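Read off the chains here:
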Amino acid sequence: MSLAWVSAWWAVAAGFSVASVVLFWRRVALWLARRHHGMADGELGDLFIFIAPRRLSALLAASGSVVLVILLLLGLPALVSLSIALLWVLGPRWLLDWARRRRQARLLLQLPDAVALLSGLLRAGHGLGHALGLLALRQASPLGPELQLLVRKHRIGVALDDALQEFAARVPEPDVRLIVLAIRVSREIGGNLAESLQRLGEGIRARVLLRERIDALTAQGRMQGVIVGLLPLLLMLALSVVDPVPMGWLFTTFPGRATLAVIAVLEFSGYLLIRRIVRIDL
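Residues numbered from 1 in each chain as written. Predicted model: local features only at pLDDT ≥ 70, side-chain atom pairs only at ≥ 80, totals over all residues. Heavy atoms only, no water.

Draft legend 1. Representation of the overall build of the protein. Of the regular secondary structure elements, the protein holds 11 helices and zero strands. The order of α-helices and β-strands along the protein, N terminus first, is α-α-α-α-α-α-α-α-α-α-α. The contacts of the protein with a sequence gap of at least 6 include a subset with a gap of at least 24, amounting to 56%. Approximately 18,500 Å² of the protein is accessible, and the part contributed by carbon and sulfur atoms is 69%. (Helix = DSSP H or I, 4+ residues; strand = E, 2+ residues; numbered from the N terminus. Contact = heavy atoms within 4.5 Å. Areas by Shrake-Rupley, 256 points an atom, 1.4 Å probe, with all protein chains shown as cover.)

Draft legend 2. Up close: the nonpolar core. In this structure, Leu122, Phe167, Val176, Ile179 and Leu197 are the most contacted members of the largest nonpolar core, which totals 35 residues. It is helix α3 (residues 78–123) that contributes the most residues to this core, eight residues altogether. Those residues in contact with Ile179 that lie beyond four places of it in its chain are Leu111, Val115, Leu197, Leu200 and Ile204. (Core = buried A, V, L, I, M, F, W, Y, C linked by side-chain atoms within 4.5 Å. Buried < 20%, exposed > 50% of the residue type's maximum accessible area, 1.4 Å probe, protein only.)

Draft legend 3. Representation of helix α11 (residues 254–278). The end-to-end C-alpha distance of α11 is 37 Å, a good match for the 36 Å that 25 residues give at a rise of 1.5 Å each. Among the residues of α11, Gly256, Leu260 and Val278 are the ones counted as buried. On its buried face, α11 sits against α9 (219–242) and α10 (244–252). (Expected span 1.5 Å × (residues − 1).)

Draft legend 4. Broad picture of the pattern of salt bridges. Going through the model one piece at a time under the given rule, you end up with eight salt bridges. One salt bridge in this structure joins Glu166 and Lys153, with 2.5 Å as the shortest N-O distance. Of this pair, Glu166 sits in helix α6 (residues 160–170) while Lys153 sits in helix α5 (residues 143–155), and the two are 13 residues apart along the sequence. Across the pair Arg199 and Glu195 runs a salt bridge whose closest N-O atoms are separated by 3.4 Å. Taken as a pair, Arg199 and Glu195 lie in helix α8 (residues 193–217) at a separation of four residues, close to a single helical turn. The class of Arg199 is exposed, set by a relative accessible area of 59%. A relative accessible area of 25% places Glu195 in the partly exposed class. (Salt bridge = Lys/Arg side-chain N within 4 Å of Asp/Glu carboxyl O.)

Draft legend 5. A look at the confidence of the model for the protein. Across the protein, pLDDT averages 79, with 77% of residues at or above 70. Of all helices and strands in the protein, the one with the weakest mean pLDDT is helix α1 (residues 2–46) (59), whereas helix α4 (residues 128–137) scores best (90). (pLDDT = per-residue confidence, 0-100.)

Draft legend 6. Structural detail: the side chain of Asp175. Along the chain, Asp175 turns up in helix α7 (residues 174–189). Exposure remark for Asp175: the relative accessible area of 6% places this residue in the buried category. Reaching out from Asp175, the side chain makes a polar contact with the side chain of Arg207 at a distance of 2.7 Å. If we skip the residues at most four places from it in the chain, Asp175 touches Leu108, Leu111, Ile204, Arg207 and Arg211. (Polar contact = N/O pair within 3.5 Å; in protein donor to acceptor, adjacent residues only side chain to side chain.)

Draft legend 7. Seen up close, the environment of Ser65. With respect to the element layout, Ser65 can be found in helix α2 (residues 53–73). Among the residues examined, Ser65 registers a relative accessible area of 23% and is labelled partly exposed. Note: C-alpha distance between Ser65 and Leu86 (21 residues apart in sequence) is 9.5 Å.

Draft legend 8. Quick peek at α5. Taking 1.5 Å of rise per residue, the 13 residues of α5 would be expected to cover 18 Å, and the 18 Å separating its terminal C-alpha atoms lies within 8% of that figure. Along α5, the residues that are buried comprise Leu143, Gly144, Glu146, Leu147, Leu150 and Val151. Seen along its axis, α5 keeps its buried residues to an arc of 165 degrees; they face one direction. Among the residues trailing α5, Gly157 stands out with phi positive, at a value near 120 degrees. (Arc of directions from axis to C-beta.)

Draft legend 9. Inspection of a nonpolar patch on the surface at higher detail. A contiguous nonpolar surface patch, about 670 Å² in accessible area, is contributed by Met223, Val226, Ile227, Leu230, Leu231, Leu233 and Leu234. Tracing the backbone through its elements, the reader meets Leu230 in helix α9. (Patch = residues over 30% accessible without salt bridge, like charges linked within 9 Å, V, L, I, M, F, W, Y side chains within 5 Å.)

Draft legend 10. A look at unusual backbone geometry. Cis rather than trans, the peptide bond between Ser141 and Pro142 has omega equal to 10 degrees. Relative to the helices and strands, Pro142 is located in the loop between α4 and α5.

Draft legend 11. How the structure looks around the packing of α9 against α10. Remark: α9 packs on α10, axes separated minimally by 6 Å, with the N-to-C direction vectors making an angle of 125 degrees. One finds that α9 runs oblique with respect to α10. Only Pro244, Met247 and Phe251 of α10 make contact with α9, whose side of the interface consists of Met236, Leu239, Ser240, Val241 and Val242. Counted by class, the contact of α9 with α10 contains seven nonpolar, one polar and no charged residues. (Axes fitted to C-alpha atoms, helices over the stretch in contact; angles between N-to-C directions. Parallel < 35°, antiparallel > 145°, perpendicular 65-115°, else oblique. Nonpolar A, V, L, I, M, F, W, Y, C, P; charged D, E, K, R; others polar.)

Draft legend 12. View of the environment of Gly229. Secondary-structure assignment places Gly229 in helix α9. Considered as a pair, Gly229 and Ser269 are 40 residues apart in the sequence and their alpha carbons are 9.8 Å apart.

Next up, the structure:
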């Protein structure tokens, strides 16, 4: 009789555990769906990557579960495995920010030549809409697809000013806003748009060259930040191999874990401080 009760209690506990896990991952999936809805509809769309928010959330939740199970089977602690799985799930947001910054940097490098070409087309007698269409065909990614989208919207009936405003919203850069503002002012009050664009292109080219020079001068500082951040970790790994017993106290005792937490906070703070010092906003 007692064995039957024990079996029943074990069955109830197992059922409760399974239900708890299912409810937990359901909440995680709903949270991911809310988090990735705007990213999939807006931010990924701005990068011309189209995926349904529900599909993106399901893919990340499934892959995070697989990573968690694999890490647990490999013998890693549950807290470490869960942390790595959460980083895996939240990683696309950071990857998206990096891809957007990289795309905007490439687009800014294309702007001076594009503005000069647009000015030349206007001087040759082309209308603004036709000149933008020719410019879109002659530009590589990422500027080419952005201009092609602008031209297509204008051709299907969207006002050119509205299409330009949407273009400036998709590429939130001061240089792009200046170009859009120059075109809108010229359309409203008149003036020599080709001459304005030529001068604006020269200014953008000068800022691009200055930005590249600053990046070259601060490259050493950025590399020092990476080296300073990685050096203690590499030293800890080397000491763990050479003399593992004293290093093991850092991971098995409370003072050692507290020391590791303080080291992690100081490492991250130092890395952010170095990055802030070498970052110069134009």
